[in-house]
Amino acid sequence: MAELFEERKKTFFNFRSFRREKAKKAEGLPKPGDEKEEVACKACHKVFGRGEWKENLYVCPSCGFHMPISGKIRMGITLDEGSFQELYPDVKGGDPIHFPGYPEKTGKAREKTGLSDSLYGGLGTIDSFPVLAAVLDSTFFMGSMGEAVGDKFVLLVEEAIKRHLPLLVFASSGGARMQEGLFSLMQMAKTAAAIGKFRESGGLYLVVFTNPTTGGVSASFASLGDIALAEPGALIGFAGPRVIRQTIGEELPEGFQRSQFQLEHGQIDKIVERKDMKGVLSQVLRLHGNVYEGTDTKE
Amino acid sequence: MKAQTQKNELKAYERVLLARDKERPNIVQYISCLFDSFLELSGDRIAKEDASVLGGIGFFEGRPVTVIGHHKGKDLEENLSCNFGMPGPEGFRKSLRLMKQAEKFHRPVITLLDTSGAYPGMEAESNGQSTAIAENLLEMGRLKTPVVAIVTGEGCSGGALALGVADKVWMLENAVYSVLSPEGFASILWKDAGRKEEAAERMRMTARELLEDGLVDGVIPEPEGGIQKDPQKGMEEVRKAIRQSLEELDGIPGEELARRRQEKYLHIASCSAPGQEEA
Ligand SMILES: [Zn+2]
């Protein structure tokens, strides 16, 4: 989590100096009326208007860098238009170890993002195929997992079981929410238990790794999918690169822990570009049509 | 299952040091004291033997059980051969293999947790560290045989939890259990690893705090100065805890045990738990 923060801070300062005027942090949400506002690519530092980023699904038109996107944008580009119906929007965590400043920080994050915590999810369809979709939103506490994420994950999984729906999760997380102490670690066991229950129900669980998915999220529900896809260039791993570097005392090879590396090491099924994601998900769902005959999301 | 109240209140970081003390008994001593006719079993059947996780079968008070735990080693040579008790995926896979075997032969599983975490190395990452931990968490959650976990020393991060999903989770009085080390916590949240004592106080990582928080089920009292001061006496308390847990779990059908454990973990550390409502 720390290295992720450092990395983001560094990139932020890099391109702030590159475009000193009013370049925005790349993962910021597009606001209406400022489509011409310019945003620099975090990877190649080339600058494009917000409109162009949006049109290109927030993938750099020049180098193909997949910019982190919010849960709302993810649902918008993945699900059929107008099909998303959010569930459990109000699950909020507390302050289980009474960590100084934590309630204020979560309060601010809620205000800034409009989310109750980092897991965002609900019902929707992909090419008319009903799914229960969830996204860990990295704009909220870097998608880290605390009690709110764990609790909401269980609620969503139980909803998927009850409605007999495939479960689709876009993972993106810095790991455990450290401000919640051991409570955050226990969410790994909780979310894994939820997937255990889901497996027993015979449901299809799809995971899409997005950049980055590390720590406690990587080592729990994110690595338990029946089918695991990843966006190009996503960092996926348990230990972060900085910790590994410190431990082994040498530089890590180029591309270490990135999607291509994980594909080569047998950890994921397929790398899928953002523009192709909906199509591939739709294909996977159709290939499991026999499991879901007669399912309907309507209540 | 409350701990006996002791007069001397140690600071959290003092307990961290006690938990990490090289003189503290390690899994080898627990096994020789508590389990008879122990047979060590090795390997994950896929890639290699990972000595940071030690496992096998033995008799506990006359009944066969599977024992699995982290092994840090006593001296540098042993430390190196078992990678300081920091498992790679092969260690987690070995433990899962032994747990499934225990389930097949209706043996309870006793796990002993003592690790500073899963090994953060290139090979571990290349061979599926995340998946190995995740599968352990999932499968332990639905094992159809009794599972008793005891944090004997340092229970740190996913590397500890991967052996710690159990019907009954005990902590020795001076053991600690945390999402990461207090040094790591301080360096990440405060950018100052030097504030480790303060971090340890803040993190609620001691046995009694975690019992209060409902994250562990019992605290095993230690002799004055820690179990290292009088291992025989301390081990007798560990024996009592195991006996008590097995007596409680005996007679519950495997399916029912798995269902109850799943329920326990679906609701553990929850924001709606008593005392955890938002302030
Ligand atoms: Zn670019």
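Parameters and conventions
- In every chain, residue numbers begin from 1 and rise along the written sequence.
- Written order determines the labels here, with chains lettered from A and ligands numbered from 1.
- For this predicted model, a pLDDT threshold of at least 70 governs which residues receive local features, and a threshold of 80 or more governs which side-chain atom pairs are given and counted, while totals over whole chains, interfaces and linings are taken from all residues.
- Only hydrogens and water are removed before side-chain values are computed, so all heavy atoms of the structure are retained for them.
- Numbering goes from the N terminus for both helices and strands, where a helix is a DSSP run of H or I of at least four residues and a strand is a run of E of at least two.
- Where accessible areas are quoted, they stem from the Shrake-Rupley method and a 1.4 Å probe; at the residue level, only the protein chains shown are allowed to cover.
- For helices, the axis comes from a line fit to the C-alpha atoms of the stretch in contact; other axes are also lines fit to C-alpha atoms, and the angle between any two N-to-C directions lies between 0 and 180 degrees.
- Note that the term roughly parallel is reserved for angles under 35 degrees, roughly antiparallel for angles over 145, roughly perpendicular for angles of 65 to 115, and oblique for everything else.
- The contact rule is simple, with two residues in contact once any of their heavy atoms fall within 4.5 Å.
- In this classification, the charged set is Asp, Glu, Lys and Arg, the nonpolar set is Ala, Val, Leu, Ile, Met, Phe, Trp, Tyr, Cys and Pro, and all remaining amino acids, among them Gly, are polar.
- Burial classification: accessible surface area is computed with a 1.4 Å probe over protein chains only, and a residue below 20% of its type maximum counts as buried, one above 50% as exposed, and the rest as partly exposed.
- Note on pairing: DSSP must find at least two bridges between two strands before they are called paired.
- Each helix should span, by expectation, one fewer than its residue count multiplied by 1.5 Å.
- Picture the helix axis, draw a direction to every C-beta atom, and the arc is the one those directions span.
- For Na, K and Ca the donor cut-off is 3.2 Å, and for all other metals it is 2.8 Å, counting N, O and S atoms only; because water is absent from this set, sites may look incomplete.
- Under this scheme a four-donor centre is tetrahedral when all angles range from 85 to 135 degrees, a four-donor centre is square planar and a six-donor centre octahedral when opposite donors are above 155 degrees with the rest from 65 to 115, and any other centre is irregular.
- Think of it like this: strands point away, you trace from the first strand over the helix to the second, and a clockwise trace means the crossover is right-handed.

### What about the overall build of chain A?
In step 1: Helix and strand counts for chain A stand at 10 helices and 10 strands.
In step 2: In the form shown here, chain A has an accessible surface area of approximately 12,100 Å², with 51% of it arising from carbon and sulfur atoms.

### Description of the packing of helix α5 (residues 147–163) of chain A against helix α6 (residues 182–200) of chain A
In helix packing, the relevant descriptors are the interaxial angle and the interaxial distance, both defined with respect to the helix axes.
All names here are of chain A.
In step 1: Contact geometry of α5 with α6 gives a least axis separation of 8 Å together with a crossing angle of 5 degrees. One element, α5, and the other, α6, form an angle in the roughly parallel class. Contact residues: Glu147, Gly150, Asp151, Phe153, Val154, Val157, Glu158, Ala160 and Ile161 in α5; Phe183, Gln187, Lys190, Thr191, Ala194, Ile195, Lys197 and Phe198 in α6.
In step 2: Of the residues contributing to the contact of α5 with α6, the split by class is nine nonpolar, three polar and five charged.

### Notes on the pairing of strand β6 (residues 168–172) of chain B
All names here are of chain B.
In step 1: β6 sits mainly inside the fold: five of its five residues count as buried.
In step 2: Burial along β6 is two-sided: Lys168, Trp170 and Leu172 facing one way and Val169 and Met171 facing the other are all buried.
In step 3: Here strand β5 (residues 147–156) pairs with β6 via four bridges, running parallel. The partner of valine 148 across the bridge, within β6, is lysine 168.
In step 4: As defined by bridge partners, β6 adjoins strand β8 (residues 218–220) across three bridges and the pair is classed as parallel. Opposite leucine 172, over in β8, you have isoleucine 220 as the bridge partner.

### Focus: helix α12 (residues 254–267) of chain B
In step 1: In a regular helix each residue adds 1.5 Å, so 14 residues correspond to 20 Å; α12 of chain B covers 20 Å between its end C-alpha atoms and thus fits that length.
In step 2: Every buried residue belonging to α12 of chain B is among Leu257, Ala258, Arg261, Gln262, Tyr265 and Leu266 of chain B, and all of these are buried. In a view along the axis of α12 of chain B, the buried residues occupy a sector of 165 degrees, so they form one face of it.
In step 3: In this structure, the buried side of α12 of chain B is in contact with α5 and α6 of chain A together with α6 (129–140), β5, β6 and α11 (231–249) of chain B.
In step 4: The first or second residue beyond α12 of chain B is alanine 269 of chain B, which carries a positive phi of 45 degrees.

### So, the side chain of serine 282 of chain A
All names here are of chain A.
In step 1: Residue position: serine 282 is located in helix α10 (residues 274–287).
In step 2: We classify serine 282 as buried; its relative accessible area is 4%.
In step 3: Other than its neighbours up to four places away in sequence, serine 282 contacts Ile126 and Asp127.

### Considering unusual backbone geometry
In step 1: Each neighbour pair has its own omega, and for asparagine 211 of chain A with proline 212 of chain A the value is -15 degrees, a cis peptide bond.
In step 2: Here proline 212 of chain A lies in strand β7 (residues 205–214).
In step 3: A positive phi is found at tyrosine 58 of chain A, a non-glycine position, where the angle reads about 60 degrees.
In step 4: The topology assignment puts tyrosine 58 of chain A in the loop between α2 (50–55) and α3 (71–78).
In step 5: Phi is positive for glutamate 61 of chain B, which is not a glycine, with a value near 45 degrees.
In step 6: Looking at the element boundaries, glutamate 61 of chain B is found in the loop between β2 (53–60) and β3 (63–70).

### As for the coordination of the zinc ion
In step 1: Only Cys41 of chain A (SG), Cys44 of chain A (SG), Cys60 of chain A (SG) and Cys63 of chain A (SG) from the protein reach the zinc ion as donors, at distances of 2.2 to 2.4 Å.
In step 2: The coordination sphere of the zinc ion comprises four donor atoms, whose angles at the metal cover 105 to 113 degrees; the geometry is tetrahedral.

### Re the pairing of strand β6 (residues 167–173) of chain A
All names here are of chain A.
In step 1: Within β6, seven of the seven residues are buried, which leaves the element mostly enclosed by the surrounding structure.
In step 2: Judged by which residues are buried, β6 turns out to be covered on both faces: Leu167, Val169, Ala171 and Ser173 on one side and Leu168, Phe170 and Ser172 on the other are all buried.
In step 3: In this structure, strand β5 (residues 129–136) lies alongside β6, joined through four bridges in parallel fashion. Looking at β6, one finds that valine 135 is bridged to phenylalanine 170.
In step 4: Between the parallel pair β5 and β6, the chain is carried across by α5, and the sense of this crossover is right-handed.

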